[in-house]
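Each chain, letter by letter, is given below.
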Amino acid sequence: MHFSEDDLREALKRKDPGEGFTQRLMARVNQSKAEALAQPVTKKVNGKFLSWWMHRPAWAVAVVAMLLLAVGIGGYQYSEYRHAEENRIARMKQQQLQREAERARDQAIMALEIARAKMNHVLQHAQLQAEPNDKIRRERL
Amino acid sequence: MEQTAAFEDDRLKLALTRALTGDAQAFADLVREHQGMVFSIAYHFLQDRSLAEDLAQEVFLELFQSIDRIQSPAHLTYWLRKVTSNRCIDQGRKKYRRREMALEEAPEPVTASGHADPMLLDRLQQSLATLPEKQRMVVIMRFQEGLGPAEIAEVLEMPVNTVKSTLHRSLADLRKGLTRKIREVRYAFF
Amino acid sequence: MNLATSKLTRILIAAVLCFSFARSFGQDAKLQLANLDKLSEKAARVTDVTLDGSLLQFAVNLIEKVDAEDKDVEQLQSIIKNLKGIYIKSFEFDEASQYSKGDVDAIRAQLTSPRWSKIVQSMAKRHNEYDEIYILKNGDRVGGVVILVAEARELTVVNLVGDVPMDKVASLERHLAPSEKHADKPKQKKESGHDQE
């Protein structure tokens, strides 16, 4: 079935809300004014911002919950990160100390080996010198 | 004509200025000036008188609290259309499913004027109710408020081309819906 | 000054003297070997070990943690636990006469103190070999050891500070070798760091 745009305009002509609409509205306006006076003033500076949220309590609750969750998660993740980082640094330091200790141990063993070798070298030479027979000494060397 | 329009504009400017100072009477004047527009948008969208009145009251209450943001009578009209359409769309998404309305659920018949067929107008409104929310509001802004695509785009925060294609599609959908309805009625009776 | 104060003063002086003696004693056991560093450039093989302070303590701790059922390890542990420092400068040269008599005399000059005793000496003038072992007496214990090997193509000074069990050092088994990565390499400079006390 065909219809014209005029038909549509006719169908969507403005309607009046009926008697008492304005009175009922002003009654609510006056009530809200009285309530506002009775309560502590919502800061006018942020009034527009706050009133938007006050009319959408579900949104406000959701946003606050999300913010708290974000802060909580963020804080937890940060503390986990810090903890992990501290552990990592401690492990690195521990590993470094361990490496240094092992190096020192190896150095000590090598040093004592050198000391042993040189001591025995000197003792051996001294002993050989004490030998009365040069020939025997030469053979031994 | 021009003088009348200018006079009206001055009157509204004065009412707005006084309303900004907290003059309740001036605010009530503004309400009376725009209540038809706000109510009609809500009514044609929600197809429910009491819901539409509640929504319209909410819009004006919000206006009362945000009156200091209004810069001019034109801005006031724009603001009312924008807030009303947003609230309607939100309400529609919460409560409405796209559905075929039964004949008995149809809203009260439009007062016919001129040569318009009342039943046609009735069917048109029923078909309108089956459109998706944004599409429905585009049609209302176009054919109730007489806004052009650019103005509709600004109020509904849509691209202009989207408004145009939506209008085109909406009219096609309305025709389709109307044809189906007529057939159903015929089958019911015959 | 009354009697009590006089007594206290004498005790304090004695304590300071003992401390100074102990400090100087410790310092006597450790030789100054820095004058030999210039020989690194000419040497084909250099071994430079300085282990004292916390680094030596690391080594002691690690060695002590090892299972002491092994006699060799036990011996090592018994040697190292009382050491306060291990200092070695060893230079091996491709050619003879790469160091001077003055370099060696500078070491010997530090061993002229009455506390140092030369317990072993081996000389072969023909081969230009002078090997000596000195100990620092600390009562009936050894407070330090210096092994000096001055030969044609080698100059080595080993300085052990602390209570050194000489017999155990001499009998230390050879297979207590350090790990491969820290084994001596030719022309190796500065083998280990030392702890700055």
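**Student:** What am I meant to see in the overall build of chain C here?
**Tutor:** Looking only at helices and strands, chain C features five helices and six strands. Counted from the first residue to the last, chain C has its helices and strands arranged as α-β-α-α-β-α-β-β-β-β-α. Taken over 197 residues, chain C has a buried fraction of 30%. Taking all contacts inside chain C whose residues are at least 6 apart in sequence as the whole, residues at least 24 apart take part in 66%.

**Student:** Please clarify how the overall build of chain B should be interpreted in this entry.
**Tutor:** Each helix and strand in chain B was counted, giving eight helices and zero strands. Taken from N to C terminus, the helices and strands of chain B fall in the order α-α-α-α-α-α-α-α. Counting across all 190 residues of chain B, residues that qualify as buried make up 36%. Taking all contacts inside chain B whose residues are at least 6 apart in sequence as the whole, residues at least 24 apart take part in 60%.

**Student:** When you look at the interface of chain C and chain A in this model, what are you seeing that I'm missing?
**Tutor:** When the parts of a complex come together, some accessible area is lost, and that lost area is often taken as the interface size. Listed per partner, the contact involves 37 residues of chain C and 26 residues of chain A. With seven residues, helix 2 (residues 53-65) of chain C is the single largest residue contributor to the side of chain C that touches chain A. In terms of residue class, the side of chain C that touches chain A is made up of 25 nonpolar, nine polar and three charged.

**Student:** Hey, could you run me through the pairing of strand 6 (residues 154-162) of chain C in this one?
**Tutor:** The two faces of the sheet receive side chains in turn, since in a regular strand these alternate between them. All names here are of chain C. For strand 6, the tally of buried residues reaches nine of nine residues, placing the bulk of the element in the interior. Examined bridge by bridge, strand 5 (residues 141-151) and strand 6 share eight bridges and lie antiparallel to one another. Across the sheet, residue Ile147 finds its bridge partner in strand 6, namely Val158. What sits between the antiparallel neighbours strand 5 and strand 6 is a turn of two residues.

**Student:** Looking at this model, I keep getting lost on the sheet that holds strand 5 of chain C. Mind explaining?
**Tutor:** Strands pair in a sheet through their backbones, by hydrogen bonds, and they do so in one of two ways: parallel or antiparallel. Residues and elements named next belong to chain C. The strand order across the open sheet formed by six strands is 1-2-6-5-4-3, and the pairing between neighbours is antiparallel. Looking along the sheet, the strands with just one partner apiece sit at the ends: strand 1 (45-52) and strand 3 (116-124). Averaged over neighbouring strand pairs, the angle between their axes works out to 5° when direction is ignored. In the packing of helix 2 onto the sheet, contacts are made with strand 1 and strand 2 (83-92), and the angle to strand 1 comes to roughly 90°.

**Student:** Looking at this model, I keep getting lost on the interface of chain A and chain B. Mind explaining?
**Tutor:** Contact residues are listed per partner, giving 25 residues for chain A and 35 residues for chain B. Of all elements in the fold, only helix 1 (5-11), helix 2 (21-38) and helix 3 (47-54) of chain A reach the threshold of two or more residues within the side of chain A that touches chain B. Per element, the largest residue contribution to the side of chain A that touches chain B is eight residues, and it comes from helix 2 of chain A. For the side of chain A that touches chain B, a count of residues per class yields 10 nonpolar, four polar and 11 charged.

**Student:** Explanation requested: helix 2 of chain A in the structure shown.
**Tutor:** Residues spaced three or four apart along an α-helix point in a common direction, a consequence of the helix completing one turn every 3.6 residues. Relative to the 26 Å expected for 18 residues at 1.5 Å per residue, helix 2 of chain A spans 26 Å between its end C-alpha atoms, a close match to the ideal helical length. Those residues of helix 2 of chain A not exposed but buried are Phe21, Leu25 and Val29 of chain A. The buried residues of helix 2 of chain A occupy an angular sector of 65° when the element is viewed end-on, so they sit on one face. The exposed set on the far side of helix 2 of chain A, more than 90 degrees from its buried face, consists of Gln23, Ala27, Asn30, Gln31, Ala34, Leu37 and Ala38 of chain A. Considering only its buried residues, helix 2 of chain A is in contact with helix 2 (24-46) and helix 3 (49-66) of chain B.

**Student:** Would you mind going over the confidence of the model for chain B with me for this structure?
**Tutor:** Close inspection of predicted coordinates is inappropriate in any region flagged by low pLDDT. Residue and element names in this part refer to chain B. In this model, chain B carries an average pLDDT of 82, and 81% of its residues clear a pLDDT of 70 or more. Here residues 96-113 is modelled with pLDDT under 50, and outside its nearest four sequence neighbours on either side it reaches 23 contacts, counting other chains as well. Contacts from residues 186-190, a stretch scored under 50 in pLDDT, to residues over four places away or in other chains number zero contacts.

**Student:** It is not clear to me how the environment of Leu63 of chain B should be interpreted in this structure. Could you clarify?
**Tutor:** Mapped onto the elements, Leu63 of chain B comes out in helix 3. As for Leu63 of chain B and Trp79 of chain B, which are separated by 16 residues in sequence, their C-alpha atoms are 8.6 Å apart.

**Student:** Help me understand the pairing of strand 2 of chain C in this model?
**Tutor:** All names here are of chain C. Among the 10 residues of strand 2, eight are classified as buried, and the element is accordingly described as predominantly covered. Relative to strand 2, strand 1 is paired through eight bridges, and the arrangement is antiparallel. If you follow Val49 over to strand 2, its bridge partner there is Ile88.

**Student:** Can you help me understand the nonpolar core in this one?
**Tutor:** In summary, soluble globular proteins display a tendency toward joint burial of nonpolar side chains. Ala108 and Ala111 of chain A together with Leu51, Leu56, Ala59, Ile86 and Ile147 of chain C are the most contacted members of the largest nonpolar core, which totals 52 residues. Counting residues per element, the ones that place at least two in this core are helix 4 (57-130) of chain A together with strand 1, helix 2, helix 3 (71-80), strand 2, strand 4 (129-138), strand 5 and strand 6 of chain C. Among the elements that make up this core, the one with the highest residue count is helix 4 of chain A (10 residues). Apart from residues no more than four positions distant in its own chain, Ile147 of chain C is found in contact with Ala115, Lys118, Met119 and Val122 of chain A together with Ile133 and Val158 of chain C. Counting 47 residues, the second-largest nonpolar core is a separate cluster that includes Val29 of chain A together with Val38, Leu55 and Cys88 of chain B.

**Student:** Even after reading the chapter, I still don't get unusual backbone geometry, so can you show me in this structure?
**Tutor:** With the exception of glycine, most residues fall at negative phi, and the peptide bonds are largely trans. One non-glycine residue, Glu157 of chain B, lies in the positive phi region at around 55°. Note on placement: Glu157 of chain B falls in the loop between helix 7 (149-156) and helix 8 (160-189). Although it is not a glycine, Ser97 of chain C adopts a positive phi angle of roughly 60°. Looking at the secondary structure, you find Ser97 of chain C in the loop between strand 2 and helix 4 (101-108).

How each quantity is defined
- Residues numbered from 1 in each chain as written.
- Chains lettered and ligands numbered in written order.
- Predicted model: local features only at pLDDT ≥ 70, side-chain atom pairs only at ≥ 80, totals over all residues.
- Helix = DSSP H or I, 4+ residues; strand = E, 2+ residues; numbered from the N terminus.
- Buried ≥ 20, exposed ≤ 12 C-beta atoms within 10 Å, placed from the backbone.
- Contact = placed C-beta atoms within 7 Å.
- Nonpolar A, V, L, I, M, F, W, Y, C, P; charged D, E, K, R; others polar.
- Pairing = 2+ DSSP bridges.
- Axes fitted to C-alpha atoms, helices over the stretch in contact; angles between N-to-C directions.
- Expected span 1.5 Å × (residues − 1).
- Arc of directions from axis to C-beta.
- pLDDT = per-residue confidence, 0-100.
- Core = buried A, V, L, I, M, F, W, Y, C linked by C-beta atoms within 7 Å.

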